[in-house]
Amino acid sequence: MPLTIAALNALDRAAFVAAVGHVFEHSPWIAAAAWEQRPFSDIAALHAAMCAVVAMAGEERQLGLIRAHPDLAGRVAMAGQLTPNSAREQAAAGLAALSAEERARLTGYNEAYKTRFGFPFVICVRANKHAAILAAFPGRLANSPSQEIATALAEIDKIAWLRLCDVSTQ
């Protein structure tokens with residue numbers, strides 16, 4: 001059930017983390033740290049605080065956040081083990097209904113990307129359909145590691161914003 005910003009501000013740390021800890025994939029530590037900055041004036045301020053936690057976390061923790069994301073239409077998705085958010089998002093982008101050729105291309109891209117950068121390809125799938133996602137891989141594979149870390153974190157911020165909007169009445 002969506003919560004108002006006032007209701008979110010009134011929660012104790014554990015309840016706050018339970019309510020918004022999932023907006024950053026498998027990383028409730030971000031919500032726990034952002035809780036300290038209450039009260040938030042609105043959902044945008046909460047999102048900004050959470051993104052600031054990520055920005056200040058240091059490269060190792062940031063890489064951990066990126067690595068917490070599953071491969072797109074990968075092994076975890078095929079096994080039905082995605083988080084509910086990731087499952088809905090990937091299905092809405094058409095990743096659950098790829099043709100055999102598209103799945104093979106995506107698998108190849110996922111492997112090449114992970115080999116090059118050491119973490120999964122992250123893109124805000126709610127803002128893209130499967131054709132755009134497939135088209136994004138070649139350009140992103142040409143990026144430097146530092147460019148790709150920055151790009152992945154920017155995409156994670158977009159994902160978190162959309163997920164946060166899902167749990168708040170704004």
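Residues numbered from 1 in each chain as written. Predicted model: local features only at pLDDT ≥ 70, side-chain atom pairs only at ≥ 80, totals over all residues. Heavy atoms only, no water.

A.B. asks: Can you tell me about the packing of aromatic side chains, naming the residues and giving the values?
C.D. replies: Aromatic ring pairs are reported here in terms of the distance separating the ring centres and the angle at which the planes meet. Tallying each qualifying case throughout the model produces eight aromatic pairs. Look at F16 and F40: their rings are 6.2 Å apart centre to centre, the planes differ by 20°, and that puts the pair in the stacked class. Of the two residues, F16 sits in helix α2 (residues 13-20) while F40 sits in the loop between α3 (28-35) and α4 (43-56), which places them 24 residues apart along the sequence. Note on F121 and F137: the rings are 3.8 Å apart at their centroids and 20° apart in plane angle, and the pair reads as stacked. With F121 in the loop between α8 (100-117) and α9 (130-141) and F137 in helix α9, this residue pair connects regions lying 16 residues apart in the sequence. Taken as a pair, F121 and F137 share a single burial class, namely buried. (Phe/Tyr/Trp six-rings, centres within 6.5 Å; stacked < 30°, edge-to-face > 60°. Helix = DSSP H or I, 4+ residues; strand = E, 2+ residues; numbered from the N terminus. Buried < 20%, exposed > 50% of the residue type's maximum accessible area, 1.4 Å probe, protein only.)

A.B. asks: An account of the pattern of salt bridges is needed here, citing residue identities and associated values.
C.D. replies: Evaluation of the coordinates by the stated rule reveals eight salt bridges. The network of salt bridges with shared partners includes E25, E89, R126, R163 and D166. (Salt bridge = Lys/Arg side-chain N within 4 Å of Asp/Glu carboxyl O.)

A.B. asks: Outline the state of the cysteines, supporting the account with residue identities and numerical values.
C.D. replies: In this structure the tally under the stated criterion is zero disulfides. Free cysteine C51: the closest other cysteine sulfur is in C165, separated by 11 Å. What makes C51 buried here is its relative accessible area of 14%. Free of any disulfide, C165 has its nearest cysteine sulfur in C124, 11 Å distant. (Disulfide = S-S within 2.5 Å.)

A.B. asks: For α8, give the residues involved together with the corresponding values.
C.D. replies: In this model, α8 (18 residues) spans 26 Å end to end at C-alpha, consistent with the 26 Å of a helix rising 1.5 Å per residue. Within the span of α8, buried status applies to L106, N110, Y113 and F117. For α8, the buried positions fall inside an angular range of 75° around the axis, keeping them on one side. Turned more than 90 degrees away from the buried face of α8 sit A100, E101, A104, E111 and T115, all of them exposed. Elements that come into contact with the buried residues of α8 comprise α9 and α10 (145-167). Residue G118 follows α8 closely and has a positive phi angle near 85°. (Expected span 1.5 Å × (residues − 1). Arc of directions from axis to C-beta. Contact = heavy atoms within 4.5 Å.)

A.B. asks: Can you tell me about the side chain of N85, naming the residues and giving the values?
C.D. replies: Summarising the element assignment, N85 is placed in helix α7 (residues 84-92). Polar side-chain contacts of N85 include one of 2.7 Å to the side chain of R88. N85 has contacts with H22 and R163, leaving out every residue within four places of it along the chain. (Polar contact = N/O pair within 3.5 Å; in protein donor to acceptor, adjacent residues only side chain to side chain.)

A.B. asks: With reference to specific residues and values, describe unusual backbone geometry.
C.D. replies: Residues R38 and P39 are joined by a peptide bond in cis, for which omega reads 0°. Following the sequence through the fold, P39 ends up in the loop between α3 and α4. Not every positive phi belongs to a glycine, and H26 is a case in point at roughly 50°. Along the chain, the position of H26 falls in the loop between α2 and α3. Relative accessible area serves as the criterion here: at 58%, H26 is assigned to the exposed category.

A.B. asks: Which residues make up the nonpolar core, and what are the values?
C.D. replies: If you look at the biggest cluster of nonpolar residues, it comprises 50 residues, and the most contacted ones within it are V20, F24, L46, M50, I66, L95 and I133. Put simply, the parts of the chain that give this core at least two residues each are α1 (5-10), α2, α3, α4, α5 (59-67), α8, α9 and α10. Ranked by residue count, the leading element in this core is α10, at eight residues. (Core = buried A, V, L, I, M, F, W, Y, C linked by side-chain atoms within 4.5 Å.)

A.B. asks: Tell me about the packing of α8 against α9, and name the residues and values.
C.D. replies: One way to put it is that α8 packs onto α9 with a least axis distance of 10 Å and a crossing angle of 30°. By the criterion of interaxial angle, the relationship of α8 to α9 is roughly parallel. Considering the relative orientation of α8 and α9, their crossing is left-handed. When α8 is examined against α9, the residues E102, R105, L106, Y109, N110, A112, Y113, R116 and F117 are found in contact with a partner set consisting of H130, L134, F137, P138, R140 and L141. The class makeup of the residues in the contact of α8 with α9 is nine nonpolar, two polar and four charged. (Axes fitted to C-alpha atoms, helices over the stretch in contact; angles between N-to-C directions. Parallel < 35°, antiparallel > 145°, perpendicular 65-115°, else oblique. Left-handed = near helix turned anticlockwise from the far one by under 90°. Nonpolar A, V, L, I, M, F, W, Y, C, P; charged D, E, K, R; others polar.)

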